[in-house]
Amino acid sequence: MSNMLYACSILYKTRLPLVLAFNKVDVAQYQFALEWMEDFEAFQAAISSDSSYTSTLTQSLSLALDEFYKNLQSVGVSAVSGAGMDAFFKAIEASAEEYMETYKADLDKR
């Protein structure tokens, strides 16, 4: 969860496109994280078993994160097997286009 909050803070601080890359997909699957990003209820169910302070904070922020994830590009990659590299480079290319269309004008105004 802390990584998700960190990604959110980077996006809002830099005002730049963000590609979320799940690394080492040859070792561990990342579909559970994608499910959490796409399904608010699945994420809530996953964190509901924990009653710590961070879990309570996570539950409070989960609705905001749900909105944050709607516009994020995410890919799974493996440097060892090369899995997902085509999708990664396509996501980078799409982010570069998004930068030129959306973000550049705003940054030029600063």
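From a predicted model like this one, the values you see are computed outputs, not experimental measurements.

## Points about the pattern of salt bridges
A side chain of one charge can pair with a side chain of the opposite charge when the charged atoms of the two come close.
Here is step 1: By the definition in use, this model includes one salt bridge.
Here is step 2: One salt bridge connects D108 with K104, and the closest N-O pair in it is separated by 3.0 Å. Of the two residues, D108 and K104 both sit in helix 5 (residues 85-109), four residues apart, roughly one turn of that helix.
Here is step 3: By relative accessible area, D108 is classed as exposed at 53%.
Here is step 4: On the basis of relative accessibility, which here comes to 29%, the residue K104 falls in the partly exposed class.

## Here's the deal with the packing of aromatic side chains
Here is step 1: Applying the stated rule across the entire model yields two aromatic pairs.
Here is step 2: With a centroid separation of 5.3 Å and an interplanar angle of 20 degrees, the aromatic rings of F22 and Y30 are classed as stacked.
Here is step 3: For Y30, a relative accessible area of 18% corresponds to the buried category.
Here is step 4: A ring pair is formed by F88 and F89, whose centres lie 5.5 Å apart and whose planes are at 65 degrees; its orientation type is edge-to-face.

## Observations concerning helix 5
Since there are 3.6 residues in each turn of an α-helix, residues three or four apart along the chain are aligned in direction.
Here is step 1: Look at helix 5: 34 Å from first C-alpha to last across 25 residues, which is about the 36 Å you get at 1.5 Å a residue.
Here is step 2: Most pronounced at Y103, the bend in helix 5 amounts to some 55 degrees.

## Observations concerning unusual backbone geometry
Leave glycine aside and you will find that most residues have negative phi; peptide bonds, for their part, are mostly trans.
Here is step 1: In this structure, K24 takes a positive phi of about 65 degrees despite not being glycine.
Here is step 2: Mapped onto the secondary structure, K24 falls in the loop between strand 1 (19-22) and helix 2 (31-38).

## Examining the nonpolar core
Here is step 1: Ranked by size, the top nonpolar core spans 15 residues in total, and within it L18, F22, F68 and Y69 carry the most contacts.
Here is step 2: Put simply, the parts of the chain that give this core at least two residues each are helix 1 (2-14), helix 2 and helix 4 (53-69).

## Examining the packing of helix 2 against helix 3 (residues 40-47)
Here is step 1: Contact geometry for helix 2 and helix 3: axes closest at 5 Å, N-to-C directions at 115 degrees. On the side of helix 2, the interface is formed by E35, W36 and E38, while helix 3 contributes F40, A42, F43 and A46.
Here is step 2: When grouped by side-chain class, the residues that make up the contact of helix 2 with helix 3 number five nonpolar, no polar and two charged.

## Focus on helix 3
Here is step 1: If you check which residues of helix 3 are buried, you get A42, F43 and I47. Axial view of helix 3: buried residues confined to an arc of 125 degrees, hence all on one face. Turned more than 90 degrees off the buried face of helix 3, the exposed positions are E41 and A45.

Quick notes on the rules
- Residues numbered from 1 in each chain as written.
- Predicted model: local features only at pLDDT ≥ 70, side-chain atom pairs only at ≥ 80, totals over all residues.
- Heavy atoms only, no water.
- Salt bridge = Lys/Arg side-chain N within 4 Å of Asp/Glu carboxyl O.
- Helix = DSSP H or I, 4+ residues; strand = E, 2+ residues; numbered from the N terminus.
- Buried < 20%, exposed > 50% of the residue type's maximum accessible area, 1.4 Å probe, protein only.
- Phe/Tyr/Trp six-rings, centres within 6.5 Å; stacked < 30°, edge-to-face > 60°.
- Expected span 1.5 Å × (residues − 1).
- Bend = angle between axes of the 7 residues up to and from the residue.
- Core = buried A, V, L, I, M, F, W, Y, C linked by side-chain atoms within 4.5 Å.
- Axes fitted to C-alpha atoms, helices over the stretch in contact; angles between N-to-C directions.
- Contact = heavy atoms within 4.5 Å.
- Nonpolar A, V, L, I, M, F, W, Y, C, P; charged D, E, K, R; others polar.
- Arc of directions from axis to C-beta.

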